[in-house]
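# Results of the structural survey
What follows is the residue order along each chain.
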Amino acid sequence: MSLQVCHCGWSKHTTYHGLRIHQGKKGCTPKGMHIPENKLVSYFPRSYIQPRLFSSVDLSMDIFKTPINFDPSGFEELQVCHCGWSKVTTYHGLRTHQGMMGCTPKGPRIPESNQNFRSNMLEQPYQMDNWSILNTPVKEEQTETDASSPSTDLMSSPPSHILLTESNSSIFQTPQHSRRGSLSSDNACRWLDFSSVCLMVDSDSETETNTHMDTVTEKKTKREAERLLQTQKDRMKVLLQQKIHIREQKMTEVRSAVKSCKGSLDDEWLQIDSVFSEVMKVVEDARKKALEPIEKRRRKVKRDEQNLLQKLQGEIDRLRDSIDKLGRSRDLQAFPPSNLDGSKEIKDLKVDTSFSFGTLKATTSTMMKDIQWRLENLSSLELKRIATFTVDVKLDSATAHQSLVLSNDGKRVRDGGGKPKAPDNPERFDTFGSVLGINRLNRGRAYWEVEVKNKSGWDLGVARRSANRKGVLNVNTDNGYWVAVHFKDRKYAAMTVPPTSLPLSEKPQKVGVFVDYEEGVVSFYDVMNKSHIFSFTECLFNEDIFPYFSPHPKMNDQNVDPLIISAV
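These numbers were taken from a predicted model, which means no experiment stands behind them. (Residues numbered from 1 in each chain as written. Predicted model: local features only at pLDDT ≥ 70, side-chain atom pairs only at ≥ 80, totals over all residues. Heavy atoms only, no water.)

## Details of the side chain of T496
Here is the rule we go by: The secondary structure listing takes helices from DSSP runs of H or I that are at least 4 residues long and strands from runs of E that are at least 2 residues long, numbered from the N terminus. A 3.5 Å cut-off defines polar contacts: any pair of N or O atoms within that distance qualifies, except that in protein one atom must be a possible hydrogen donor and the other a possible acceptor, and neighbouring residues in sequence count only when both atoms are side-chain atoms.
By the secondary structure assignment, T496 is in the loop between β11 (491–494) and β12 (500–501). At 2.8 Å, the side chain of T496 forms a polar contact with the side chain of T500.

The following block contains the structure:
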């Protein structure tokens, strides 16, 4: 071991192998180094020696006494790196490549021919013929004893181009070998020492290279895994952002829908509250009107009571004065008999407590009319609500009376005024000019509208499936019909038992029919005037029901227009 110094500034007491390990780990490029003359052959392999450099050497120099500077990295040859890179360059060029690319240098590899050469070195003393590794003849030079003899073989001494200035601090310094015999024997030992170092460097460098390759592969695998993971994260982030965007849009839609619904609810609340406030005012006015006579009577009785009690108290006070006077007087003649009489007057004093108010019928009747009139203001709200339950009603030709004429689309019906044209069947009306719709109602709600303008008579409503259709019919609730009728051009009635007259102020142009099967309600509305006509409540349907229509027969060229099921 000796002090090894690297050009990067690093220094340590270690072997040349330690210096090479430092340079491989740190990527340092070695500079040219001075090697002592007696250590040259031991440390430089054959690959550093190029015969073509002899031409630049002055052979007249004393190759043993004249020192020269030898830089092994200055010789050019095919340099091969473990990564696969190769180029005809100097060893310094190879190390430069390894430093730039981060390659860990392997130990120098020696060709098989050189390996055999080193083996021969081990088996026999150094021979001059072994310098044939230069593979090029050289000029002869005179020795120190006979300088003029040109026949002396230059190979009898080491080539001058591999001699360097001897230095005790050389970084290539190796342990001193004992010199035995001639220079050739000492050089053979040095070549053997260099072969051992090379083999050690080869083994350690290969181990370091494999470790480095494993580390590089592991880093590449780790970077690839991180890149793949980051790609997956980015893709997931995009998908999550899309989901967030969709839900934010849905939140906006929900808020908008709720805001719109809230506005509608507020409007309806105000409308209903206004109607019932008016109804409550009507009731309050009727209440006050009904209580007013009682309040007047109460005040009168109170006044009568006070007057009577005041009069009686006056009488009592007067009599007490008479008693006092009687006690002080010695003559009874001072008290006339009239002062002792008054029982009859006392009996006539009384309060009138009779109830002479009459009945409350007039007040309640007026109240009910006012309430009904104000509740009609809710009809527009009801029509707005029930329009959402519109159904597409069509007429069933199999149930139509034979004299009725139906349109092809099943939306119109009128009296044909002629003889029956269609064959009779159990489902057909045979006496009344009536027809059912094809729509079967057995749950939920339904609403439809019918144009009745220019008609002097019509029937509209619903009927049970099992309701009688033959002969003269009693179209009322007891027989499974919930129907409103118009007759004699101006009269209207609800076919309850008995019938209920409907005093309509205006003739409807379009009638709306609403059915709530679960609630048992059938209601009729004047669509154009947005008013309520009549409602059947607490209806017991018990089975399927169907829309019911009758255009009434035409008479004297009147009532010829059809009933038309119109779009809502």
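## A few points about the side chain of R464
Let me state the cut-off plainly: The classification of residues rests on relative accessible area computed with a 1.4 Å probe and restricted to protein chains. Under 20% of the type maximum is buried, over 50% is exposed, and intermediate values are partly exposed. Positive charge is attributed to Lys and Arg, negative charge to Asp and Glu, and no charge count is given to His or to the chain ends. The term salt bridge refers to a side-chain nitrogen of Lys or Arg lying within 4 Å of a carboxyl oxygen of Asp or Glu. Residue contacts are counted whenever heavy atoms from the two residues lie within 4.5 Å of one another.
Considering the arrangement of structural elements, one finds R464 in strand β9 (residues 458–464). Of the side chains bearing the opposite charge, E543 lies closest to the buried R464, which forms no salt bridge; the N-O distance is 4.5 Å. Polar side-chain contacts of R464 include one of 2.7 Å to the backbone oxygen of L540. Excluding residues within four positions of it along the chain, R464 makes contact with N479, G480, W482, L540, F541, N542, E543, D544 and I545.

## Some thoughts on the sheet that holds strand β13 (residues 510–516)
Applied cut-off: Whether two strands pair depends on DSSP finding at least two bridges between them. Note on definitions: angles span 0 to 180 degrees between N-to-C directions of axes, and those axes are lines fitted to C-alpha atoms, for helices only across the stretch in contact.
The sheet built from seven strands is open, its strands ordered β5-β6-β17-β8-β13-β14-β15 with antiparallel pairing. Either end of the sheet is taken by a strand with one partner, and the two such strands are β5 (404–406) and β15 (531–536). Strand-to-strand twist across the sheet, computed as the mean angle between neighbouring axes with direction ignored, equals 20 degrees. Relative to β13, strand β8 (residues 445–451) is paired through seven bridges, and the arrangement is antiparallel. Considered in β13, the bridge of Y447 is made with F514.

## Some points on the environment of S277
Turning to its location among the elements, S277 is positioned in helix α5 (residues 183–328). Since its relative accessible area comes to 37%, S277 is described here as partly exposed. For S277 and R374, which are 97 residues apart along the polypeptide, the C-alpha to C-alpha distance reads 9.8 Å.

## Some words on the sheet that holds strand β16 (residues 545–550)
With antiparallel pairing, the six strands of this open sheet are ordered in space as β7-β16-β9-β10-β11-β12. Single-partner strands in this sheet number two, and they are β7 (435–436) and β12. The sheet contact formed by β11 and β12 spans two bridges and is antiparallel. Looking across to β12, one finds that A494 is bridged to T500.

## Things to note about the pairing of β9
Across the seven residues of β9, seven count as buried, placing the element largely inside the fold. Of the two faces of β9, the one holding W458, L460, V462 and R464 and the one holding D459, G461 and A463 are both buried throughout. Sheet topology places β9 next to strand β10 (residues 481–487); six bridges connect them, and they run antiparallel. Looking at the pairing, A463 lines up with Y481 of β10. Both β9 and β16 contribute to a ladder of six bridges, which runs antiparallel. The residue bridging R464 from the neighbouring strand is I545, located in β16.

## Here we look at the pattern of salt bridges
Counted according to the given criterion, the structure contains 16 salt bridges. For E253, the salt bridge goes to K250, with nearest N and O atoms at 3.2 Å. Within this pair, E253 and its partner K250 are both found in helix α5, separated by three residues, close to a single helical turn. What makes E253 partly exposed here is its relative accessible area of 46%. For K250, a relative accessible area of 48% corresponds to the partly exposed category. Residue D304 is joined to K300 by a salt bridge in which the shortest nitrogen-to-oxygen separation is 3.1 Å. With D304 and K300 both in helix α5 and four residues apart, the pair spans about one turn of that helix.

## Here we look at the nonpolar core
Heads up, the condition is: Buried Ala, Val, Leu, Ile, Met, Phe, Trp, Tyr and Cys residues form a nonpolar core when they are joined through side-chain atoms within 4.5 Å.
Core analysis: the biggest nonpolar cluster contains 34 residues, and W448, L460, V522, F524 and F549 have the highest contact counts within it. Dropping the residues within four chain positions of it, V522 is found in contact with V462, W482, F514, V515, F534, S535, F536, C539 and F541. Core analysis: the second largest hydrophobic core is formed by 13 residues, A467, V475, M495 and Y548 among them.

## A closer look at the packing of aromatic side chains
Quick note on the threshold: Only centres within 6.5 Å qualify two rings of Phe, Tyr or Trp (six-membered ring in Trp) as a pair; their planes then separate them into stacked at under 30 degrees, edge-to-face at over 60, and tilted for everything else.
For the structure on display, the rule yields eight aromatic pairs. Residues W458 and Y492 carry aromatic rings whose centres are separated by 6.2 Å and whose planes lie at 55 degrees to one another, so their mutual orientation is tilted. Linking W458 in strand β9 with Y492 in strand β11, this pair joins segments that are 34 residues apart in sequence. Considered together, W458 and Y492 belong to a single accessibility category, that of buried residues. The interplanar angle of 75 degrees and the centroid separation of 5.5 Å between the aromatic rings of Y481 and Y548 together place this pair among those described as edge-to-face. Of this pair, Y481 sits in strand β10 while Y548 sits in strand β16, and the two are 67 residues apart along the sequence. For the pair Y481 and Y548, a shared accessibility class is recorded, and that class is buried. In textbook terms, an aromatic cluster arises when at least three aromatic residues are bridged by ring pairs, as seen for F429, Y481 and Y548.

## Quick notes on the layout of surface pockets
We apply this condition: A cavity, in this analysis, means grid points on a 1 Å lattice covering only the protein atoms where a 1.4 Å probe fits yet has no way out; a pocket is instead an open set bounded by protein on both sides within 12 Å along at least five of seven lines, and a residue lines either one if it has an atom within 4 Å of a point. Grid points are joined across faces, edges and corners, and a volume is the space filled by probe spheres set on the points. Each residue gets one of three labels, nonpolar for Ala, Val, Leu, Ile, Met, Phe, Trp, Tyr, Cys and Pro, charged for Asp, Glu, Lys and Arg, and polar for the others, Gly among them.
One number sums up the size of the second largest pocket: a volume of about 530 Å³. For the lining of the second largest pocket, the elements supplying multiple residues, two or more each, are α7 (361–375) and β15. Partitioned by chemical class, the residues of the lining of the second largest pocket number seven nonpolar, six polar and five charged.

## Comments concerning a nonpolar patch on the surface
To be explicit about the condition: Only residues whose relative accessible area exceeds 30% and that form no salt bridge are eligible for patches; like-charged ones are grouped when within 9 Å, while nonpolar side chains (Val, Leu, Ile, Met, Phe, Trp, Tyr) are grouped when within 5 Å. Values of accessible area rely on a 1.4 Å probe in the Shrake-Rupley scheme; residue burial ignores everything except the protein chains shown.
A contiguous nonpolar patch, built from L291, I294, F355 and F357 and spanning about 400 Å² of accessible area, is present on the exposed surface. For F355, the location among the structural elements is in the loop between α6 (343–348) and α7. Residue classification places F355 among the exposed residues on the basis of a relative accessible area of 70%.

## Focus: the pairing of strand β2 (residues 11–14)
Examined bridge by bridge, strand β1 (residues 2–5) and β2 share four bridges and lie antiparallel to one another. Bridging from a neighbouring strand, V5 pairs with S11 of β2. If you look at the hairpin formed by β1 and β2, you'll find five residues sitting between the two strands, and G9 has a positive phi there, around 110 degrees.

## Section: α7
Convention followed: In a helix, the anticipated span is given by 1.5 Å times the number of residues less one. Working note: the arc is built from the helix axis to C-beta atom directions.
With 15 residues, α7 extends 21 Å between its outermost C-alpha atoms, agreeing within 8% with the 21 Å of an ideal straight helix rising 1.5 Å per residue. Of the residues making up α7, those classed as buried are T363, M367 and I371. Along the long axis of α7, the arc covered by the buried residues comes to 65 degrees, so they all point the same way. Counted as exposed and oriented over 90 degrees from the buried face of α7: K361, A362, K369 and W373.

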